[in-house]
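Chains, contacts and geometry: an overview
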Amino acid sequence: MFRDAALVAGKDLRIELRSRVATNQVAPFAVLVLLLFAFALDPDRGVLNRATPGLFWVAVLFSSLLAVQRSFGLEAADGGRDTLRLSGLDAAGIFVGKATAVALQLLALQVVLGVGVVVLYDAHLTGPAQLVATCLLATIGLAAAGTVYGVVAAGLRVRETLLPLLVLPVVAPVLLAGTKAWEAALAGAPADGWPWLRLLAVFAVVYVTVGVAAFGLLLEET
Amino acid sequence: MASAVCFRSAVVLLDRFPALTGVDLEVDPGEALLVRGPNGAGKTTLLRAIAGLAPVVDGSAEVLGHDLRRDRRAVRRQVGLFGHVTGLYDDLTVAENVRFSIRAAGGDPDGVAVALARVELDGRLASLAVAKLSAGQRRRTALAALIGRRPALWLLDEPHAGLDARGRDLLDEVIADAIATGATVVLASHDTDRAAAVATRTVTMVGGSLEARVRVS
């Protein structure tokens, strides 16, 4: 499984490096979301500062939709989905590979957004260990859930509009827990963030397990 | 000797439409079977069913000893489908596409150069992004990927379409090589003169089932 996962992740990341969709479209979109919030709440910079955790994770969530859409868009044209099925790759390996590629892109994006909230919202990123732990756990959950629902949506004609409807309600716990854990870290009260980190960990474990177990079936039947 | 393909009263539905309506087909190992028939006869569906892409919902279907009704994924590493679409990644080079395909099937990546040379895409073209290729060159790249995978069962759907004269000759040579090394070939084609030259048997499909069998050599 891990050999196949490395093969798929390497392929997806190489395509992203060449096409630069992540750097030229997804990252600018995420920064644009931060900017729009700044425009909307500009009269009171204190609100922006206080709302930093929530706005950060909303931007990550929206961007993750684009990343997942793009991940399955690679196989949407010219019979790519059939090629993937016929490739002989282990389905769990395909899932782990695709989710890993999405996760790495999201982590890079979060670095950009972290700089963005410091510059635009005047945020002070205290408690870096908890912030990073939150990002890692939330990213695993987002990438895994996005990949599970991404393969379902990719097999349908209405995939572009269906994916947000499927994913956004499901990842609401990530938005909530990520925001609360970041709030605790930024407030200098890391202990308050532990329950939310545990929720993120449970979410990640559940969706990684579901993906490994069900991805093959979803790839075949949708 | 067990058949490479053994379908008995096999039924395949596309949505609710019966695309295969009780197909009985047996293909021996090493055989090259030409499936011909008008558009919409079910040739592509038959090939997709053999590849395990289209589920057989009634009857029986065995390919290379695997019961497709139990697990249609089991046969995937042993079959290669060369069809209307190429399944290539535009942003990867010709060599990278072929390497990915070979490695996915558990093959030896050293076979990339050999496969590319076989379809005359070695040299400068090997490092070109697939997006920059002509339609015929894309077809050759897909063929190189198939050669590199060395499947036991070759499924060729209108394989000569989109290839120039040299490409069609190359394809015929590749099919002949595959048969010579013991592979089984099932091809569907409207270019019956050319396809019949490499086939050892011909069957005709009409309305989702096989109409007649003619042994040509």
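Above this text is the structure in question.
Described below are features of the structure shown in this document. This structure is a prediction, so every number in the text was calculated from the model and none was measured. (Residues numbered from 1 in each chain as written. Chains lettered and ligands numbered in written order. Predicted model: local features only at pLDDT ≥ 70, side-chain atom pairs only at ≥ 80, totals over all residues. Heavy atoms only, no water.)

**Overview of the overall build of chain A**
The line we're drawing: Starting at the N terminus, helices and strands are each numbered in turn, a helix being any DSSP run of H or I of at least four residues and a strand any DSSP run of E of at least two. This radius of gyration counts C-alpha atoms alone. The globule rule is 2.2 Å times how many residues there are, raised to the power 0.38. Relative accessibility under 20% of the residue-type maximum defines a buried residue, over 50% an exposed one, and the middle range a partly exposed one, all with a 1.4 Å probe and only protein chains included. It only takes one pair of heavy atoms within 4.5 Å for two residues to be counted as in contact. Reported accessibility uses the Shrake-Rupley method at a 1.4 Å probe radius. Residues are deemed covered only where the shown protein chains occlude them. In this tally, Asp and Glu contribute negative charge and Lys and Arg positive charge; neither His nor the terminal groups of the chain are included. For the purpose of locating charges, the reference atoms are NZ of Lys, CZ of Arg, CG of Asp and CD of Glu.
Scanning chain A from N- to C-terminus turns up 10 helices and 0 strands. A globule of 222 residues ought to have a C-alpha radius of gyration of about 17 Å, and chain A, at 18 Å, matches this closely. A principal-axis box enclosing the C-alpha atoms of chain A has dimensions of 55 × 35 × 30 Å. When the 222 residues of chain A are sorted by exposure, 50% land in the buried category. Partitioning the intrachain contacts of chain A with sequence separation of at least 6 by distance along the chain shows that 84% fall at a separation of at least 24. When the accessible surface of chain A is split by element, carbon and sulfur atoms take 71% of a total near 9500 Å². Each charge sign in chain A was given a centre, from 15 positive and 15 negative side chains, and these centres are 3 Å apart.

**Quick notes on the nonpolar core**
Condition: As used here, the term nonpolar core means buried Ala, Val, Leu, Ile, Met, Phe, Trp, Tyr and Cys residues forming a set that is joined through side-chain atoms within 4.5 Å.
Membership of the largest hydrophobic core comes to 69 residues, with the highest contact counts inside it found for A:Phe56, A:Leu89, A:Leu113 and A:Val171. Element by element, the count of residues in this core is highest for helix α7 (residues 128-154) of chain A, at 12 residues. With near-sequence residues (within four places) excluded, A:Leu89 lies in contact with A:Asp4, A:Leu7, A:Val8, A:Leu84, A:Ile94, B:Arg77, B:Phe100 and B:Ala104. Formed by 35 residues, the second largest nonpolar core is a distinct cluster that contains B:Leu121, B:Ala126, B:Leu143 and B:Ala195.

**With respect to the interface of chain A and chain B**
Note the threshold: Note: buried area is the sum, over both parts, of the accessible area (probe 1.4 Å) each one loses when the two are combined. Here, a salt bridge means any side-chain nitrogen of Lys or Arg that lies within 4 Å of a carboxyl oxygen of Asp or Glu. In protein, a polar contact means a hydrogen-donor-capable atom and an acceptor-capable atom, both N or O and within 3.5 Å, with residues adjacent in sequence counting only if both atoms are side-chain atoms; elsewhere, any N or O pair within 3.5 Å suffices.
Every contact between the two is made by 28 residues of chain A and, on the other side, 26 residues of chain B. Summing the contributions of chain A and of chain B, the shared interface buries around 2200 Å²; its carbon and sulfur component is 51%. Ranking the residues of chain A by area buried against chain B places A:Leu7, A:Asp78 and A:Leu86 at the top, with a combined share of 29%. One can count 7 salt bridges joining chain A with chain B. In this assembly, chain A and chain B are joined by 12 residue pairs in polar contact (both at pLDDT 80 or more).

**Some remarks on α7(A)**
The test is simple: What a helix should span is 1.5 Å times the count of its residues minus one.
In this model α7(A) runs 37 Å from its N-terminal to its C-terminal C-alpha over 27 residues, within 8% of the 39 Å that 1.5 Å per residue would give. Buried residues dominate α7(A), accounting for 19 of its 27 residues.

**As for empty space enclosed by the protein**
Residues and elements named next belong to chain A. Using the following cut-off: The method works on a 1 Å grid over the protein atoms by themselves. A cavity is a set of points holding a 1.4 Å probe that cannot get out, a pocket is an open set with protein on both sides within 12 Å along at least five of seven lines, and residues with an atom within 4 Å of a point line them. Grid points are joined across faces, edges and corners, and a volume is the space filled by probe spheres set on the points. Following the grouping adopted for this structure description, the nonpolar residues are Ala, Val, Leu, Ile, Met, Phe, Trp, Tyr, Cys and Pro, the charged ones are Asp, Glu, Lys and Arg, and the polar ones are all others, Gly among them.
Across all of its chains, the model carries 1 cavity of 30 Å³ or more by this definition. Considering only enclosed or pocket space, the largest cavity measures out at about 30 Å³ in volume. Ser-64, Leu-65, Val-68, Leu-142, Gly-146, Val-167 and Val-171 together form the lining of the largest cavity. Listed by contribution, the elements that provide at least two residues to the lining of the largest cavity are α4 (52-73) and α7. Tallying contributions element by element places α4 first for the lining of the largest cavity, with 3 residues. Here the lining of the largest cavity is composed, by residue class, of 5 nonpolar, 2 polar and no charged.

**Considering unusual backbone geometry**
Residue and element names in this part refer to chain B. At Asp-15, a residue that is not glycine, the phi angle is positive and equals roughly 55°. The topology assignment puts Asp-15 in the loop between β1 (5-14) and β2 (17-27). We classify Asp-15 as exposed; its relative accessible area is 77%.

**Some words on the packing of aromatic side chains**
Where two aromatic rings form a pair, the distance of their centres and the angle of their planes describe that pair. All names here are of chain A. Basically, it comes down to this: Classification of ring pairs uses Phe, Tyr and Trp, with its six-membered ring standing for Trp, and accepts pairs whose centres are within 6.5 Å; under 30 degrees between planes counts as stacked, over 60 as edge-to-face, and the remaining range as tilted.
If you walk through the whole model with that rule in mind, you get 8 aromatic pairs over all chains. Ring geometry for Trp-57 and Trp-182: centres 6.1 Å apart, planes at 80°, overall edge-to-face. Taken together, the positions of Trp-57 in helix α4 and Trp-182 in helix α9 (residues 172-186) put the pair 125 residues apart, joining distant regions of the chain. Both residues of the pair, Trp-57 and Trp-182, count as buried. With a centroid separation of 4.9 Å and an interplanar angle of 40°, the aromatic rings of Phe-203 and Tyr-207 are classed as tilted. Separated by 4 residues within a single helix, Phe-203 and Tyr-207 lie in helix α10 (residues 194-221), roughly one turn from each other.

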